[in-house]
Amino acid sequence: MSQQFDVVVIGGGPGGYVAAIRAAQLGFTTACVDAYKNPEGKPSLGGTCLNVGCIPSKALLQSSENFHAVQHDFAKHGITVEGAKMDVAEMLKRKDGIITKNAGGIAFLFKKNKVANIHGLASLKGRQGERWVIEVSDNGAVVDTLEATHVIIATGSNPRQLPGTPVNNVNVLDNAGALALTEVPKRLGVIGAGVIGLEMGSVWKRLGAEVTILEALPTFLAAADQQIAKEAFKTLTKDTGLDIQLGVKIGEIKNRPGSTVTVNYEVNGEAKVAEFDKLIVSIGRVPNTAGLGGEAVGLQMDERGFVVVDDHCHTNLPNVWAIGDVVRGPMLAHKASEEGVAVAERIAGQKPHVDFGVIPWVIYTSPEIAWVGKTEEQLKAEGIEYKKGTSGFAANGRALGLGQAQGTVKVLACAKTDRILGLHMIGPMVSELVTEGVVSMEFKAASEDLARIVHAHPSLSEVVHEAALAADKRALHG
């Protein structure tokens, strides 16, 4: 006999598990079906983000930055450390412990909120009356059948494959393989200078690898404000030591399992060849709808494989919703979570709102890169008159104390109304500072509002304050 629910969420990532919790809080009987298993074969909630994405990458970034600091920065503080070594196995153990703890935390929240936690691959089988039938299978065998008034699809995304070069996670790696290397490769190649490529390249470079990043686009971080992107390129190549090559056309890749990977490529018409011990392929992600059964029930998908939704995340099917990486918009965990909350509240008759123009972006390199809103290039292209203010971390007392006094903050505001249109930054802990821009833009603040808020001294946030002052040509320290 089928289990019956008001809401069934398919996918337990940051969009799905949050949607399930919010639906349960609103009084709906709720189940979340998730198919992910960890390398040990055990179910693990949290999706790509928690298991092989956002969270483990940040754990490794912190470990590698600590090791780099011991070798290069501690002496400036009067601390001498001789013979420092990196135990990669211990680093991975710490990373895995963080994943286990967080996944257990989600399971606890499900129990607390009375969300049914069901493991398996969910497939839509059609409707019986007003309810959807969902079949759940594990290892090809049907293990459960559910019925639901509402279905929320939150199946996420998978790494995009490079044609002709299958990932084996032995010497050709995707994000999961890049997070599980058991030793530091001598020569590491990375195809793609996006978030994953830059973060994973930074990790293994700081641990001793020679890292070459091959990017097809001629512009570095094309989605970012180019003033910030150019500073980031300079810092990551000169200070971090990443070899980042732009405008690359990838040719034949020879993969020798158990040996090396040879990449033939072209830059500005010049043929080149590089040999790597490991190669990370990070050329984007594609929506994951495998096994969902969408075509059989008439679920509309676009030419790129995304589930088609309206502005409220409703699909073409009655009471079927979709959120996160599997639909249009930025592939960001926090975007997925906000959509999940919004859908649960819409099912309850509420009228929530998610503004895609006020979603922060962060790259957790060292220094970090973050932004929200329009770039200067976008404002010019759209013919919007604007003013800008910039300030740097070089003279900031807190940044100097941290030994991380490099980077810039830029405020962009409407020339006529002074309303903040964008906040862009590179520097220490800007993943936290960018929220000043998110809050300001959400509440339609002007640069003057941000300039008149009292910021603690000494703090990194003073650079944001100074940039806001500079937008009105009244900077105090610049």
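Residues numbered from 1 in each chain as written. Predicted model: local features only at pLDDT ≥ 70, side-chain atom pairs only at ≥ 80, totals over all residues. Heavy atoms only, no water.

### As for the overall build of the chain
Filter applied, for reference: Comment: elements are numbered from the N terminus, with helices defined as DSSP H or I runs of at least four residues and strands as E runs of at least two. Buried, partly exposed and exposed residues are distinguished by accessible area as a fraction of the type maximum, computed with a 1.4 Å probe on protein chains only: under 20%, between the cut-offs, and over 50%, respectively. Whether two residues are in contact is decided by their heavy atoms: any pair within 4.5 Å suffices. Here the Shrake-Rupley method, with its probe set to 1.4 Å, supplies the accessible areas, and only the displayed protein chains count as covering residues. The charge count treats Lys and Arg as positive and Asp and Glu as negative. His and the chain ends do not count. Charge coordinates come from a single atom per side chain, which is NZ of Lys, CZ of Arg, CG of Asp or CD of Glu.
Looking only at helices and strands, one finds 13 helices and 22 strands in the chain. Taken over the C-alpha atoms alone, the chain extends approximately 70 × 60 × 45 Å along its principal axes. Going through the 478 residues of the chain one by one, you find that 49% of them count as buried. Counting only contacts in the chain whose residues sit at least 6 apart along the sequence, the fraction spanning at least 24 positions is 60%. When the accessible area of the chain is evaluated, it comes to approximately 22100 Å², of which 52% is carbon and sulfur surface. Charged side chains of the chain number 47 positive and 52 negative; the gap between the two group centres comes to 1 Å.

### Some words on the sheet that holds strand 10 (residues 210-214)
As a reminder of what qualifies: Only strands joined by at least two bridges in the DSSP assignment are considered to pair. Orientation is described by lines fitted to C-alpha atoms, with helices fitted over the stretch in contact, and by angles between N-to-C directions that extend from 0 to 180 degrees.
A sheet is described by the order of its strands in space; here 5 strands give the open sequence 8-15-9-10-11, paired in parallel fashion. Edge positions in the open sheet fall to strand 8 (172-173) and strand 11 (243-245), since each of these has one partner strand only. As paired strands, strand 8 and strand 15 (residues 278-281) are joined by 2 bridges and run parallel to one another. Paired with V172 across the bridge in strand 15 is L279. Sitting on the sheet, helix 6 (residues 195-206) is in contact with strand 9 (187-191), strand 10, strand 11 and strand 15, with an inclination near 165° to strand 10.

### As for the pairing of strand 9
In terms of burial, strand 9 is largely enclosed, as 4 of its 5 residues are buried. Of the strand pairs in this sheet, strand 9 and strand 10 are connected by 5 bridges, and their pairing is parallel. Note on strand 10: the bridge partner recorded for L188 is V211.

### Points about helix 4 (residues 88-112)
Rules: Here the expected span of a helix is defined as 1.5 Å times the quantity of residues minus one. Think of a polar contact as two N or O atoms within 3.5 Å of one another; within protein, one of them needs to be a possible hydrogen donor and the other a possible acceptor, and neighboring residues in sequence only count if both atoms come from side chains.
The terminal C-alpha atoms of helix 4 lie 36 Å apart, and with 25 residues this matches the ideal 36 Å at 1.5 Å per residue to within 8%. Turning to helix 4, its buried residues are V88, M91, L92, K95, I99, A103, I106 and F110. Two or three places before A89, at the start of helix 4, stands the capping residue D87, its side-chain oxygen 3.2 Å from that residue's backbone nitrogen. Positive backbone phi, at 60°, marks K114, one or two positions downstream of helix 4.

### Some details on the pattern of salt bridges
Short version of the rule: Salt bridge, as used here, is a side-chain nitrogen of Lys or Arg placed within 4 Å of a carboxyl oxygen of Asp or Glu.
In the structure shown here, the tally under the stated rule is 19 salt bridges. In this structure, the salt-bridge partner of D138 is K37, at a minimum N-O distance of 3.2 Å. With a gap of 101 residues between them, D138 in strand 5 (residues 131-138) and K37 in the loop between strand 2 (30-34) and helix 2 (47-52) connect regions that are remote in the sequence. Measuring nitrogen to oxygen at the nearest pair gives 2.9 Å for the salt bridge that ties E339 to R328.

### Description of the packing of aromatic side chains
Any aromatic ring pair is given by two values, namely how distant the centres are and how the planes are angled relative to each other. Heads up, the rule is: Centres within 6.5 Å make a pair out of two Phe, Tyr or Trp rings, where for Trp the six-membered ring is used; the pair is then stacked when the planes are under 30 degrees apart, edge-to-face when over 60, and tilted otherwise.
One pass over the structure, following the stated rule, counts 2 aromatic pairs. With a centroid separation of 5.3 Å and an interplanar angle of 65°, the aromatic rings of F220 and F233 are classed as edge-to-face. Of the two residues, F220 is situated in the loop between strand 10 and helix 7 (226-239) and F233 in helix 7; the sequence distance between them amounts to 13 residues. Under the relative-accessibility criterion, F233 is labelled partly exposed at 26%. Look at W361 and W371: their rings are 5.9 Å apart centre to centre, the planes differ by 0°, and that puts the pair in the stacked class. Residue W361 is located in strand 18 (residues 361-363), and its partner W371 is located in strand 19 (residues 368-373); the two are separated by 10 residues in the primary sequence. The class for W361 is partly exposed, based on a relative accessible area of 32%.

### Overview of the state of the cysteines
Formally: Disulfides are defined in this document as cysteine sulfur pairs within 2.5 Å.
A complete count under the given rule lists 0 disulfides for this structure. Cysteine C32 is unpaired, with the sulfur of C49 as its nearest cysteine sulfur at 14 Å. A relative accessible area of 0% means that C32 is categorised as buried. With relative accessibility at 16%, the residue C49 sits in the buried group.

### Structural notes on the environment of L332
Relative to the assigned elements, L332 resides in the loop between strand 17 (320-322) and helix 8 (333-347). Placed 30 residues apart in sequence, L332 and V362 show a C-alpha to C-alpha distance of 9.6 Å. For L332, the contacting residues outside a window of four places in its chain are D325, I359, P360 and W361.

It is worth stressing that arrangement in space is one thing and function is another; only the former is reported here.
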